[in-house]
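One letter stands for each residue in the lines below.
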Amino acid sequence: MSDGTALAGPDGALRCPWALSTPDYVTYHDEEWGRPVHGDDALFERLSLEAFQSGLSWITILRRRPGFRAAFADFKIATVAGFTDADRDRLLTDARIIRNRAKIDATLANARALADWAPGELDALIWSHAPDPATRPVPKTIADVPAVTPESTALSKALKKRGLRFVGPTTAYALMQACGLVDDHLVDCLARRIG
């Protein structure tokens, strides 16, 4: 049983323990999680996927990511904002994604709200909530990694104020972790050294 510290993976390298349960997680952990993500469409994808993940395991979303991308036009905000009722009905029957009506409706509503923003505005808003890395202790164990922070709470409020849905503080913090606003790789994790 793990004490929450970094564990050796199949190649002997130390990684965050959550990354070792499947090869999909190893790849995601090593190549994506915690790496800076910029661009409105890329951040819209991550925000949408984090919302779909709410109440589910991330591996469920990760394995369906190609289906999500196909169903939601690669998360191009302008395209998704133009989705019709017929598109919504199509999404509700698409087995490649999570067919949750509230989450689908939120994704479509969020795209419509974001379509009115200036180019780069979503990127700027999200990244304006990145904490100063010097003020954050490096986590030694999984227990040192928070689920919510003052910054994620502020980001959640800012997004909600601008009309976005399914963006609570926990979802906002997961977005911050996934998109590199914070580095929650454990102190001994190989990704902390290469990130």
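Chains are numbered independently. Their residues run from 1 in the order of the written sequence. Predicted model: local features are reported for residues with pLDDT of at least 70 only, side-chain atom pairs are reported and counted for 80 or more only, and whole-chain, interface and lining totals are derived from all residues. Side-chain measures were taken over the full set of non-hydrogen atoms in the model, leaving aside hydrogen atoms and water.

The chain is annotated in an unreviewed UniProt entry as DNA-3-methyladenine glycosylase I from Streptomyces spinoverrucosus.

Colleague: Is there a simple way to explain the side chain of Thr22 in this structure?
Modeller: The secondary structure listing takes helices from DSSP runs of H or I that are at least 4 residues long and strands from runs of E that are at least 2 residues long, numbered from the N terminus. Structurally, Thr22 can be placed in the loop between β2 (14–15) and α1 (23–31). Think of it in three bands: residues with accessible area under 20% of the maximum for their type are buried, residues over 50% are exposed, and the middle band is partly exposed, with areas taken using a 1.4 Å probe on protein chains only. Owing to a relative accessible area of 15%, Thr22 belongs among the buried residues under this scheme. Excluding residues within four positions of it along the chain, Thr22 makes contact with Ile59 and Arg63. Should any heavy atoms of two residues lie within 4.5 Å, those residues are counted as being in contact.

Colleague: Sorry, what's going on with the packing of helix α2 (residues 40–53) against helix α3 (residues 58–71) here?
Modeller: To describe two helices that pack against each other, one gives the angle between their axes and the distance between the axes. In this analysis an axis means a line fitted to C-alpha atoms, helices contributing only their contacting stretch, and an angle means the value between N-to-C directions, from 0 to 180 degrees. Running from N to C, α2 and α3 cross one another at 130 degrees; their axes reach a closest spacing of 10 Å. It follows from the interaxial angle that α2 and α3 lie oblique. In this structure, α2 crosses over α3, and the sense of that crossing is right-handed. Here α2 contributes Glu45, Arg46, Leu49, Glu50, Phe52 and Gln53 to the contact with α3, which in turn contributes Trp58, Ile61, Arg65, Phe68 and Arg69. Each residue is assigned to one of three groups, with Ala, Val, Leu, Ile, Met, Phe, Trp, Tyr, Cys and Pro labelled nonpolar, Asp, Glu, Lys and Arg labelled charged, and all others, Gly among them, labelled polar. Across the contact of α2 with α3, the residue classes break down as 5 nonpolar, 1 polar and 5 charged. The scheme is simple: roughly parallel for angles under 35 degrees, roughly antiparallel for over 145, roughly perpendicular for 65 to 115, oblique for anything else. By convention the crossing between two helices is left-handed if the near helix lies anticlockwise of the far one by an angle smaller than a right angle, and right-handed if it lies clockwise.

Colleague: Just to check I follow, could you spell out helix α9 (residues 169–178) for this structure?
Modeller: Think of an α-helix as turning once every 3.6 residues; residues three or four places apart then point the same way. Burial within α9 is extensive, with 8 of its 10 residues counted as buried. Of the positions making up α9, those classed as buried are Thr171, Ala172, Tyr173, Ala174, Leu175, Met176, Gln177 and Ala178. Elements that come into contact with the buried residues of α9 comprise α1, α2, α7 (121–127) and α8 (150–161). A positive backbone phi angle near 80 degrees is found at Gly180, which sits one or two residues after α9.

Colleague: I'm lost on the pattern of salt bridges in this one. Help?
Modeller: Within this document, salt bridges are pairs made up of a side-chain nitrogen of Lys or Arg and a carboxyl oxygen of Asp or Glu, the two lying within 4 Å of each other. All chains considered together, the criterion is met by 13 salt bridges. A salt bridge links Arg15 to Asp30; the nearest nitrogen and oxygen atoms lie 2.8 Å apart. Taken together, the residues span a long stretch of sequence, with Arg15 in strand β2 and Asp30 in helix α1 at a distance of 15 residues. Like Arg15, the residue Asp30 is buried in the burial classification. Two residues, Glu45 and Arg65, come together in a salt bridge whose shortest N-O distance is 3.1 Å. Linking Glu45 in helix α2 with Arg65 in helix α3, this pair joins segments that are 20 residues apart in sequence. As far as the burial class goes, Glu45 and Arg65 line up, both buried. In this structure, a network of salt bridges that share partners links the residues Glu32, Glu45, Arg46, Arg65 and Arg69.

Colleague: Honestly, unusual backbone geometry in this entry has me stumped. Any pointers?
Modeller: The phi torsion of most residues other than glycine is negative, and most of the peptide bonds are trans. A positive phi angle, close to 50 degrees, is found at Ala73, a residue other than glycine. The topology assignment puts Ala73 in the loop between α3 and α4 (77–81). Classification of Ala73 by relative accessible area gives partly exposed; the value is 24%.

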